[in-house]
Amino acid sequence: MSIMYSCSVPSFSSISVSNFTYRRPNRIICSAGAPVAERKAVNTTEPLLLNAVRGEDVERPPVWLMRQAGRYMKSYQTLCEKHPSFRERSENVDLVVEISLQPWKVFKPDGVILFSDILTPLPGMNIPFDIVKGKGPIIFDPISTAAQVDQVREFSPEEWVPYVGEALTILRKEVNNEAAVLGFVGAPFTLASYVVEGGSSKNFSKIKTLAFSQPKVLHALLEKFTTSMAKYIKYQADNGAQAVQIFDSWATELSPTDFEEFSLPYLKAIVDSVKETHPDLPLILYASGSGGLLERLALTGVDVVSLDWTVDMAEGRKRLGSEIAVQGNVDPGVLFGSKEFISKRIIDTVKKAGNKKHILNLGHGIKVGTPEENVAHFFEVAKGLSY
Ligand code: CP3
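The structure displayed is predicted, hence computed values, not measured ones. (Residues numbered from 1 in each chain as written. Predicted model: local features only at pLDDT ≥ 70, side-chain atom pairs only at ≥ 80, totals over all residues. Heavy atoms only, no water.)

Undergrad: Can you break down the overall build of the protein chain residue by residue, with the values?
TA: Broken down by element type, the protein chain carries 16 helices and 12 strands. Counting all 387 residues of the protein chain, 57% fall into the buried class. For the protein chain, the exposed surface amounts to about 16200 Å²; the carbon and sulfur share of it is 51%. (Helix = DSSP H or I, 4+ residues; strand = E, 2+ residues; numbered from the N terminus. Buried < 20%, exposed > 50% of the residue type's maximum accessible area, 1.4 Å probe, protein only. Areas by Shrake-Rupley, 256 points an atom, 1.4 Å probe, with all protein chains shown as cover.)

Undergrad: Give a detailed account of the pairing of strand S10 (residues 325-330), specifying residues and quantitative values.
TA: Counting buried positions along S10 yields six of six residues, so the element is predominantly enclosed. By the bridge criterion, three bridges tie strand S9 (residues 304-306) to S10 in an arrangement that is parallel. Residue Val305 lies in a different strand from S10, and its bridge partner there is Val326. Between the parallel pair S9 and S10, the chain is carried across by helix H14 (residues 313-320), and the sense of this crossover is right-handed. With five bridges joining them, S10 and strand S11 (residues 358-362) adopt parallel strand pairing. If you follow Gly328 over to S11, its bridge partner there is Leu360. Regarding topology, helix H15 (residues 339-353) serves as the crossover connection from S10 to the parallel S11, and that connection is right-handed. (Pairing = 2+ DSSP bridges. Right-handed = clockwise from strand over helix to strand, strands pointing away.)

Undergrad: Tell me about the nonpolar core, and name the residues and values.
TA: Counting residues in hydrophobic clusters, the biggest one holds 128 residues, and the most contacted among them are Ile127, Val195, Leu218, Leu221, Phe225, Ile233 and Phe378. Broken down by element, the residue count for this core peaks at 11 residues, all from helix H10 (residues 215-238). (Core = buried A, V, L, I, M, F, W, Y, C linked by side-chain atoms within 4.5 Å.)

Undergrad: Quick rundown of the site of the ligand? Include the residues and the values.
TA: Surveying the vicinity of the ligand reveals 22 residues, the closest of which are Arg67, Tyr76, Arg89, Asp117 and Ser249. The contact in question runs from an oxygen atom of the ligand to an N or O atom on the side chain of Tyr76, over 2.6 Å. Contacts to the ligand include His364, whose side-chain N or O atom sits 2.8 Å from an oxygen atom. When the free accessible area of the ligand is taken as 850 Å², the share hidden by the protein chains comes to 88%. Counting residues per element, the ones that place at least two in the shell around the ligand are helix H3 (86-91) and strand S5 (136-139). Of the residues assigned to the shell around the ligand, the class counts are 13 nonpolar, five polar and four charged. (Near = heavy atom within 4 Å. Polar contact = N/O pair within 3.5 Å; in protein donor to acceptor, adjacent residues only side chain to side chain. Nonpolar A, V, L, I, M, F, W, Y, C, P; charged D, E, K, R; others polar.)

Undergrad: Account for the pattern of salt bridges, with residues named and values stated.
TA: A full pass over the atoms with the stated rule returns 12 salt bridges. Note that Lys275 is salt-bridged to Asp303, the shortest N-O span being 2.6 Å. Linking Lys275 in helix H12 (residues 264-277) with Asp303 in the loop between helix H13 (294-298) and S9, this pair joins segments that are 28 residues apart in sequence. Between Asp348 and Lys352 there is a salt bridge, and its shortest N-O distance comes to 3.4 Å. With a gap of four residues between them, Asp348 and Lys352 both fall in helix H15, about one helical turn apart. A single network of salt bridges, built from pairs that share partners, joins Asp312, Asp348 and Lys352. (Salt bridge = Lys/Arg side-chain N within 4 Å of Asp/Glu carboxyl O.)

Undergrad: Describe the packing of aromatic side chains, listing the residues and the values that go with them.
TA: Inspection of the entire model under this criterion finds 10 aromatic pairs. Ring plane angle 55 degrees and centroid distance 5.8 Å describe the contact between Phe204 and Trp250, whose orientation is recorded as tilted. Highlighted residues: Phe204 in the loop between helix H8 (188-197) and helix H9 (205-213) and Trp250 in the loop between strand S7 (243-247) and helix H11 (256-262), separated in sequence by 46 residues. For Trp250, a relative accessible area of 25% gives the class partly exposed. A centroid spacing of 6.4 Å and a plane angle of 75 degrees characterise the contact between Phe378 and Phe379, whose relative ring orientation is edge-to-face. When sorted by exposure, Phe378 lands in the same class as Phe379, which is buried. (Phe/Tyr/Trp six-rings, centres within 6.5 Å; stacked < 30°, edge-to-face > 60°.)

Undergrad: Kindly report on the environment of Ser386, identifying the contributing residues and their values.
TA: Position of Ser386 relative to the elements: it lies in strand S12 (residues 385-386). A residue is classified by how much of its surface remains accessible, and Ser386, at 11% relative accessible area, is buried. Residues Ser386 and Glu59, 327 residues apart in the sequence, show an inter-C-alpha distance of 5.5 Å.

Written out as C-alpha coordinates, the structure is:
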(Lines give C-alpha, C1' and ligand atoms only; values in the text may rest on other atoms or scores of the structure.)
Protein backbone atom coordinates (compact mmCIF):
# COMPACT_ATOMS: atom_id res chain seq x y z
CA MET A 1 0.00 0.00 0.00
CA SER A 2 1.39 3.38 -0.83
CA ILE A 3 1.03 6.04 1.83
CA MET A 4 0.06 9.53 0.78
CA TYR A 5 1.67 12.29 2.76
CA SER A 6 0.49 15.79 3.03
CA CYS A 7 2.68 18.35 4.72
CA SER A 8 2.14 21.95 5.60
CA VAL A 9 5.01 24.34 5.98
CA PRO A 10 4.34 27.66 7.68
CA SER A 11 7.04 30.11 6.76
CA PHE A 12 8.47 28.50 3.65
CA SER A 13 5.80 29.32 1.10
CA SER A 14 8.12 28.89 -1.86
CA ILE A 15 8.87 25.26 -1.10
CA SER A 16 7.61 23.15 -3.96
CA VAL A 17 6.93 19.84 -2.27
CA SER A 18 3.58 18.46 -3.36
CA ASN A 19 0.59 18.55 -1.01
CA PHE A 20 1.87 21.26 1.28
CA THR A 21 -0.65 23.55 2.88
CA TYR A 22 -0.38 26.03 5.70
CA ARG A 23 -1.65 25.08 9.14
CA ARG A 24 -0.17 27.14 11.93
CA PRO A 25 3.17 28.83 12.49
CA ASN A 26 6.16 26.63 13.34
CA ARG A 27 4.30 23.45 12.63
CA ILE A 28 4.82 21.38 9.56
CA ILE A 29 2.17 18.72 9.28
CA CYS A 30 3.17 15.53 7.51
CA SER A 31 0.16 13.30 7.63
CA ALA A 32 0.41 9.73 6.44
CA GLY A 33 -3.27 9.63 5.58
CA ALA A 34 -4.09 7.37 8.54
CA PRO A 35 -6.90 8.60 10.78
CA VAL A 36 -5.43 10.21 13.88
CA ALA A 37 -8.04 8.52 16.07
CA GLU A 38 -6.50 5.11 15.37
CA ARG A 39 -3.30 6.04 17.10
CA LYS A 40 -2.13 4.28 20.26
CA ALA A 41 -1.69 6.39 23.37
CA VAL A 42 1.67 8.13 23.39
CA ASN A 43 3.91 7.39 26.34
CA THR A 44 4.74 10.89 27.52
CA THR A 45 6.84 9.94 30.52
CA GLU A 46 9.63 8.53 28.37
CA PRO A 47 11.77 10.56 25.98
CA LEU A 48 10.34 10.80 22.46
CA LEU A 49 13.42 9.11 21.03
CA LEU A 50 12.84 5.93 23.04
CA ASN A 51 9.17 5.83 22.13
CA ALA A 52 10.03 6.18 18.45
CA VAL A 53 12.64 3.42 18.56
CA ARG A 54 10.12 1.09 20.22
CA GLY A 55 7.68 1.67 17.39
CA GLU A 56 5.13 3.61 19.42
CA ASP A 57 3.09 6.27 17.70
CA VAL A 58 4.84 9.57 18.05
CA GLU A 59 3.81 13.03 16.94
CA ARG A 60 7.00 13.70 15.01
CA PRO A 61 10.40 12.08 14.53
CA PRO A 62 12.82 12.71 17.40
CA VAL A 63 15.86 14.68 16.26
CA TRP A 64 19.48 14.94 17.35
CA LEU A 65 22.60 15.49 15.29
CA MET A 66 25.88 13.59 15.29
CA ARG A 67 28.73 15.79 16.56
CA GLN A 68 26.13 18.26 17.78
CA ALA A 69 28.70 19.49 20.31
CA GLY A 70 31.77 20.75 18.54
CA ARG A 71 33.79 23.38 16.78
CA TYR A 72 30.90 24.89 14.82
CA MET A 73 29.56 26.24 18.15
CA LYS A 74 30.99 29.52 19.38
CA SER A 75 30.54 28.42 23.00
CA TYR A 76 32.70 25.35 22.32
CA GLN A 77 35.39 27.43 20.60
CA THR A 78 35.54 29.73 23.61
CA LEU A 79 35.89 26.76 25.93
CA CYS A 80 38.65 25.30 23.68
CA GLU A 81 40.69 28.48 24.12
CA LYS A 82 40.66 27.98 27.86
CA HIS A 83 41.12 24.19 27.67
CA PRO A 84 43.17 23.51 24.52
CA SER A 85 43.65 19.79 25.17
CA PHE A 86 40.97 17.48 23.73
CA ARG A 87 41.89 14.84 26.31
CA GLU A 88 41.22 17.36 29.09
CA ARG A 89 37.93 18.52 27.57
CA SER A 90 36.71 14.95 27.23
CA GLU A 91 38.06 13.50 30.48
CA ASN A 92 37.06 16.07 33.07
CA VAL A 93 33.55 15.56 34.48
CA ASP A 94 32.66 19.25 34.66
CA LEU A 95 33.88 19.96 31.14
CA VAL A 96 32.23 16.83 29.69
CA VAL A 97 28.91 17.84 31.26
CA GLU A 98 29.26 21.47 30.19
CA ILE A 99 30.11 20.59 26.57
CA SER A 100 27.42 17.89 26.31
CA LEU A 101 24.88 20.44 27.51
CA GLN A 102 25.96 23.24 25.14
CA PRO A 103 23.77 22.02 22.25
CA TRP A 104 21.03 20.95 24.67
CA LYS A 105 20.74 24.49 26.03
CA VAL A 106 20.63 26.10 22.60
CA PHE A 107 18.71 23.63 20.38
CA LYS A 108 16.84 21.29 22.78
CA PRO A 109 17.52 18.16 20.71
CA ASP A 110 15.67 14.92 21.54
CA GLY A 111 18.98 13.19 22.19
CA VAL A 112 21.83 14.54 24.31
CA ILE A 113 25.01 12.68 23.44
CA LEU A 114 27.87 12.40 25.90
CA PHE A 115 30.84 14.50 24.88
CA SER A 116 33.64 11.97 24.57
CA ASP A 117 35.40 10.06 21.81
CA ILE A 118 35.44 6.50 20.56
CA LEU A 119 39.16 6.49 21.44
CA THR A 120 38.63 7.50 25.09
CA PRO A 121 38.83 3.89 26.41
CA LEU A 122 42.19 3.21 24.71
CA PRO A 123 44.58 4.31 27.51
CA GLY A 124 42.60 2.02 29.85
CA MET A 125 43.44 -0.81 27.45
CA ASN A 126 47.11 0.13 27.52
CA ILE A 127 47.01 2.00 24.19
CA PRO A 128 48.01 5.66 24.73
CA PHE A 129 46.66 8.24 22.28
CA ASP A 130 46.09 11.94 21.78
CA ILE A 131 43.93 14.06 19.52
CA VAL A 132 45.92 16.93 18.08
CA LYS A 133 44.32 19.93 16.42
CA GLY A 134 44.95 19.82 12.68
CA LYS A 135 46.30 16.25 12.82
CA GLY A 136 43.45 14.30 14.40
CA PRO A 137 43.89 11.17 16.49
CA ILE A 138 47.42 9.85 17.09
CA ILE A 139 48.22 6.41 18.52
CA PHE A 140 51.73 6.61 19.92
CA ASP A 141 52.63 2.96 19.48
CA PRO A 142 50.60 1.48 16.60
CA ILE A 143 49.89 -2.25 16.89
CA SER A 144 51.13 -4.72 14.28
CA THR A 145 52.27 -7.85 16.16
CA ALA A 146 50.82 -10.64 18.30
CA ALA A 147 53.13 -9.59 21.16
CA GLN A 148 51.61 -6.08 21.10
CA VAL A 149 48.07 -7.50 21.06
CA ASP A 150 49.00 -9.53 24.16
CA GLN A 151 49.79 -6.26 25.93
CA VAL A 152 46.28 -4.91 25.31
CA ARG A 153 44.32 -5.00 28.57
CA GLU A 154 40.63 -5.68 29.07
CA PHE A 155 38.90 -2.37 29.73
CA SER A 156 37.57 -1.66 33.17
CA PRO A 157 35.39 1.47 32.82
CA GLU A 158 34.93 2.01 36.58
CA GLU A 159 38.68 2.13 37.01
CA TRP A 160 39.75 4.04 33.89
CA VAL A 161 36.90 6.35 32.92
CA PRO A 162 34.89 7.03 36.11
CA TYR A 163 34.28 10.52 34.74
CA VAL A 164 32.12 8.99 31.99
CA GLY A 165 29.77 7.36 34.49
CA GLU A 166 29.68 10.50 36.63
CA ALA A 167 28.99 12.71 33.61
CA LEU A 168 26.19 10.45 32.35
CA THR A 169 24.57 10.44 35.78
CA ILE A 170 24.65 14.24 35.93
CA LEU A 171 23.36 14.51 32.35
CA ARG A 172 20.39 12.29 33.19
CA LYS A 173 19.47 14.60 36.07
CA GLU A 174 19.95 17.76 34.02
CA VAL A 175 18.03 16.53 30.99
CA ASN A 176 15.36 14.97 33.19
CA ASN A 177 13.79 12.76 30.49
CA GLU A 178 12.98 15.75 28.29
CA ALA A 179 15.43 14.08 25.90
CA ALA A 180 17.25 10.77 25.85
CA VAL A 181 20.81 10.72 27.13
CA LEU A 182 22.93 8.89 24.58
CA GLY A 183 26.17 7.04 25.14
CA PHE A 184 28.43 5.64 22.45
CA VAL A 185 31.34 3.34 21.74
CA GLY A 186 33.59 2.55 18.80
CA ALA A 187 33.09 -0.80 17.06
CA PRO A 188 35.95 -3.33 17.18
CA PHE A 189 37.00 -2.98 13.55
CA THR A 190 36.96 0.84 13.63
CA LEU A 191 38.95 0.94 16.88
CA ALA A 192 41.39 -1.60 15.43
CA SER A 193 41.79 0.53 12.31
CA TYR A 194 42.92 3.49 14.47
CA VAL A 195 45.32 1.52 16.63
CA VAL A 196 46.85 -0.39 13.70
CA GLU A 197 47.06 2.59 11.31
CA GLY A 198 48.30 4.87 14.11
CA GLY A 199 45.53 7.39 13.49
CA SER A 200 43.14 8.36 10.72
CA SER A 201 43.89 6.69 7.41
CA LYS A 202 43.17 7.23 3.74
CA ASN A 203 43.89 3.82 2.28
CA PHE A 204 43.79 1.52 5.34
CA SER A 205 46.87 -0.32 4.05
CA LYS A 206 48.21 -1.29 7.48
CA ILE A 207 45.02 -2.85 8.79
CA LYS A 208 44.52 -4.64 5.48
CA THR A 209 48.09 -5.92 5.62
CA LEU A 210 47.30 -7.35 9.05
CA ALA A 211 43.87 -8.67 8.02
CA PHE A 212 45.08 -10.35 4.86
CA SER A 213 48.46 -11.67 6.00
CA GLN A 214 48.08 -12.29 9.74
CA PRO A 215 44.33 -12.56 10.31
CA LYS A 216 44.78 -14.35 13.64
CA VAL A 217 46.54 -11.34 15.11
CA LEU A 218 43.75 -9.01 14.01
CA HIS A 219 41.09 -11.42 15.28
CA ALA A 220 42.79 -11.51 18.68
CA LEU A 221 42.71 -7.69 18.81
CA LEU A 222 39.07 -7.57 17.65
CA GLU A 223 38.13 -10.02 20.39
CA LYS A 224 39.67 -7.80 23.03
CA PHE A 225 37.75 -4.77 21.75
CA THR A 226 34.55 -6.83 21.64
CA THR A 227 34.68 -7.87 25.30
CA SER A 228 35.76 -4.41 26.38
CA MET A 229 33.15 -2.47 24.38
CA ALA A 230 30.30 -4.77 25.50
CA LYS A 231 31.37 -4.03 29.06
CA TYR A 232 31.63 -0.30 28.30
CA ILE A 233 28.12 -0.15 26.82
CA LYS A 234 26.70 -1.82 29.94
CA TYR A 235 28.65 0.59 32.15
CA GLN A 236 27.24 3.56 30.25
CA ALA A 237 23.69 2.17 30.51
CA ASP A 238 24.11 1.48 34.23
CA ASN A 239 25.19 5.06 34.75
CA GLY A 240 22.45 6.83 32.82
CA ALA A 241 22.73 6.28 29.07
CA GLN A 242 19.25 5.53 27.70
CA ALA A 243 20.47 4.38 24.28
CA VAL A 244 23.97 3.67 22.99
CA GLN A 245 25.29 4.23 19.48
CA ILE A 246 28.01 1.98 18.11
CA PHE A 247 30.23 3.75 15.58
CA ASP A 248 31.73 1.40 13.00
CA SER A 249 32.76 4.37 10.91
CA TRP A 250 35.37 2.51 8.85
CA ALA A 251 33.74 -0.92 8.48
CA THR A 252 32.69 0.04 5.00
CA GLU A 253 36.33 0.05 3.94
CA LEU A 254 35.83 -3.72 4.01
CA SER A 255 34.33 -5.68 1.13
CA PRO A 256 31.13 -7.50 2.12
CA THR A 257 33.04 -10.79 2.48
CA ASP A 258 35.64 -9.20 4.70
CA PHE A 259 32.99 -7.33 6.68
CA GLU A 260 31.49 -10.75 7.41
CA GLU A 261 34.82 -11.91 8.78
CA PHE A 262 36.28 -8.85 10.52
CA SER A 263 33.31 -6.80 11.69
CA LEU A 264 29.89 -8.49 11.64
CA PRO A 265 30.63 -11.33 14.13
CA TYR A 266 32.11 -8.90 16.63
CA LEU A 267 29.22 -6.44 16.35
CA LYS A 268 26.83 -9.34 16.78
CA ALA A 269 28.73 -10.58 19.82
CA ILE A 270 28.52 -7.13 21.40
CA VAL A 271 24.79 -6.86 20.70
CA ASP A 272 24.13 -10.39 22.04
CA SER A 273 26.11 -9.72 25.20
CA VAL A 274 24.37 -6.38 25.87
CA LYS A 275 20.90 -7.79 25.15
CA GLU A 276 21.49 -10.56 27.70
CA THR A 277 21.85 -8.12 30.57
CA HIS A 278 20.16 -4.98 29.14
CA PRO A 279 17.39 -6.25 26.83
CA ASP A 280 15.59 -2.90 26.73
CA LEU A 281 18.57 -0.72 25.93
CA PRO A 282 18.26 0.50 22.32
CA LEU A 283 21.45 0.03 20.32
CA ILE A 284 22.09 2.19 17.26
CA LEU A 285 24.68 1.24 14.64
CA TYR A 286 26.37 3.76 12.39
CA ALA A 287 28.83 3.09 9.57
CA SER A 288 29.89 5.70 7.02
CA GLY A 289 29.16 4.84 3.39
CA SER A 290 27.16 1.79 4.40
CA GLY A 291 24.98 1.50 1.28
CA GLY A 292 26.69 -1.70 0.16
CA LEU A 293 26.35 -3.28 3.59
CA LEU A 294 22.88 -2.25 4.81
CA GLU A 295 21.32 -5.72 5.00
CA ARG A 296 24.40 -7.03 6.76
CA LEU A 297 24.27 -4.18 9.32
CA ALA A 298 20.75 -5.30 10.21
CA LEU A 299 22.05 -8.83 10.86
CA THR A 300 23.94 -7.53 13.90
CA GLY A 301 20.65 -7.41 15.84
CA VAL A 302 20.81 -3.68 16.63
CA ASP A 303 17.55 -1.78 17.13
CA VAL A 304 18.42 1.15 14.89
CA VAL A 305 20.54 1.44 11.76
CA SER A 306 21.86 4.92 11.15
CA LEU A 307 22.06 5.67 7.43
CA ASP A 308 24.54 7.99 5.84
CA TRP A 309 23.37 10.32 3.08
CA THR A 310 24.60 8.22 0.16
CA VAL A 311 21.56 5.98 0.62
CA ASP A 312 18.12 7.24 -0.35
CA MET A 313 16.02 7.07 2.82
CA ALA A 314 13.06 5.39 1.07
CA GLU A 315 15.33 2.73 -0.43
CA GLY A 316 17.20 2.23 2.83
CA ARG A 317 13.93 1.80 4.68
CA LYS A 318 12.74 -0.75 2.11
CA ARG A 319 15.98 -2.71 2.27
CA LEU A 320 16.03 -2.80 6.07
CA GLY A 321 12.37 -3.72 6.55
CA SER A 322 9.85 -2.25 8.95
CA GLU A 323 11.01 -4.08 12.12
CA ILE A 324 14.18 -2.08 12.52
CA ALA A 325 14.26 1.65 13.23
CA VAL A 326 16.25 3.98 11.00
CA GLN A 327 18.23 7.08 11.83
CA GLY A 328 19.47 9.78 9.53
CA ASN A 329 20.19 10.74 6.93
CA VAL A 330 20.40 14.35 5.72
CA ASP A 331 23.72 15.21 4.06
CA PRO A 332 25.71 17.29 6.62
CA GLY A 333 26.63 19.52 3.67
CA VAL A 334 22.97 20.57 3.43
CA LEU A 335 23.61 22.70 6.53
CA PHE A 336 25.73 24.96 4.32
CA GLY A 337 22.68 25.60 2.13
CA SER A 338 19.90 28.15 2.38
CA LYS A 339 17.31 27.79 5.14
CA GLU A 340 14.68 26.99 2.56
CA PHE A 341 16.84 24.22 1.12
CA ILE A 342 17.50 22.79 4.59
CA SER A 343 13.75 22.70 5.27
CA LYS A 344 13.06 20.91 2.00
CA ARG A 345 15.65 18.23 2.67
CA ILE A 346 14.35 17.61 6.19
CA ILE A 347 10.83 17.17 4.90
CA ASP A 348 11.98 14.95 2.05
CA THR A 349 13.83 12.66 4.48
CA VAL A 350 10.95 12.53 6.97
CA LYS A 351 8.44 11.68 4.26
CA LYS A 352 10.65 8.93 2.90
CA ALA A 353 11.29 7.44 6.36
CA GLY A 354 7.56 7.11 7.15
CA ASN A 355 5.84 7.92 10.41
CA LYS A 356 7.26 5.17 12.58
CA LYS A 357 10.66 4.18 13.90
CA HIS A 358 12.59 7.11 12.50
CA ILE A 359 15.13 9.28 14.31
CA LEU A 360 15.91 12.35 12.24
CA ASN A 361 19.63 13.00 12.05
CA LEU A 362 22.41 13.84 9.62
CA GLY A 363 24.14 11.14 7.61
CA HIS A 364 27.37 11.94 9.48
CA GLY A 365 28.59 14.53 11.98
CA ILE A 366 28.11 18.29 11.71
CA LYS A 367 31.07 19.68 9.78
CA VAL A 368 33.46 22.30 11.14
CA GLY A 369 32.44 25.69 9.75
CA THR A 370 28.71 24.89 9.61
CA PRO A 371 26.77 28.08 10.42
CA GLU A 372 25.32 27.67 13.91
CA GLU A 373 22.14 29.44 12.81
CA ASN A 374 21.59 26.74 10.20
CA VAL A 375 21.86 24.07 12.87
CA ALA A 376 19.31 26.07 14.88
CA HIS A 377 17.09 26.19 11.81
CA PHE A 378 17.38 22.41 11.35
CA PHE A 379 16.14 21.81 14.88
CA GLU A 380 13.41 24.43 14.60
CA VAL A 381 11.98 22.86 11.45
CA ALA A 382 12.40 19.31 12.76
CA LYS A 383 10.69 20.09 16.05
CA GLY A 384 7.85 21.83 14.25
CA LEU A 385 7.01 18.71 12.24
CA SER A 386 3.88 16.74 12.84
CA TYR A 387 3.07 13.41 11.18
O1 CP3 B 1 28.36 13.50 18.56
C2 CP3 B 1 28.78 14.15 19.51
O3 CP3 B 1 28.47 15.35 19.70
C4 CP3 B 1 29.65 13.46 20.55
C5 CP3 B 1 31.01 13.70 20.37
C6 CP3 B 1 31.87 12.77 19.54
C7 CP3 B 1 33.21 13.08 19.32
N8 CP3 B 1 33.79 12.04 18.69
C9 CP3 B 1 33.86 14.32 19.78
C10 CP3 B 1 34.99 14.80 18.98
C11 CP3 B 1 31.62 11.52 18.95
C12 CP3 B 1 30.32 10.74 18.85
C13 CP3 B 1 32.86 11.06 18.42
C14 CP3 B 1 33.03 9.74 17.79
C15 CP3 B 1 34.19 9.53 16.92
N16 CP3 B 1 35.48 9.89 17.14
C17 CP3 B 1 34.13 8.82 15.72
C18 CP3 B 1 32.91 8.17 15.15
C19 CP3 B 1 32.05 9.15 14.43
C20 CP3 B 1 32.54 9.45 13.05
O21 CP3 B 1 32.91 10.61 12.84
O22 CP3 B 1 32.50 8.56 12.21
C23 CP3 B 1 35.43 8.81 15.17
C24 CP3 B 1 35.83 8.18 13.87
C25 CP3 B 1 36.28 9.47 16.09
C26 CP3 B 1 37.76 9.67 15.98
C27 CP3 B 1 38.03 11.12 15.92
N28 CP3 B 1 38.00 11.95 17.00
C29 CP3 B 1 38.26 11.92 14.75
C30 CP3 B 1 38.37 11.41 13.34
C31 CP3 B 1 38.38 13.26 15.19
C32 CP3 B 1 38.56 14.50 14.35
C33 CP3 B 1 39.96 14.97 14.35
C34 CP3 B 1 40.02 16.48 14.22
O35 CP3 B 1 40.95 17.07 14.78
O36 CP3 B 1 39.15 17.08 13.58
C37 CP3 B 1 38.23 13.26 16.58
C38 CP3 B 1 38.26 14.40 17.48
C39 CP3 B 1 36.94 14.86 17.95
N40 CP3 B 1 36.10 14.07 18.67
C41 CP3 B 1 36.38 16.13 17.78
C42 CP3 B 1 35.14 16.12 18.44
C43 CP3 B 1 34.18 17.23 18.61
C44 CP3 B 1 37.02 17.29 17.04
C45 CP3 B 1 38.11 17.91 17.87
C46 CP3 B 1 37.56 18.94 18.81
O47 CP3 B 1 36.68 19.69 18.49
O48 CP3 B 1 37.99 19.07 19.94
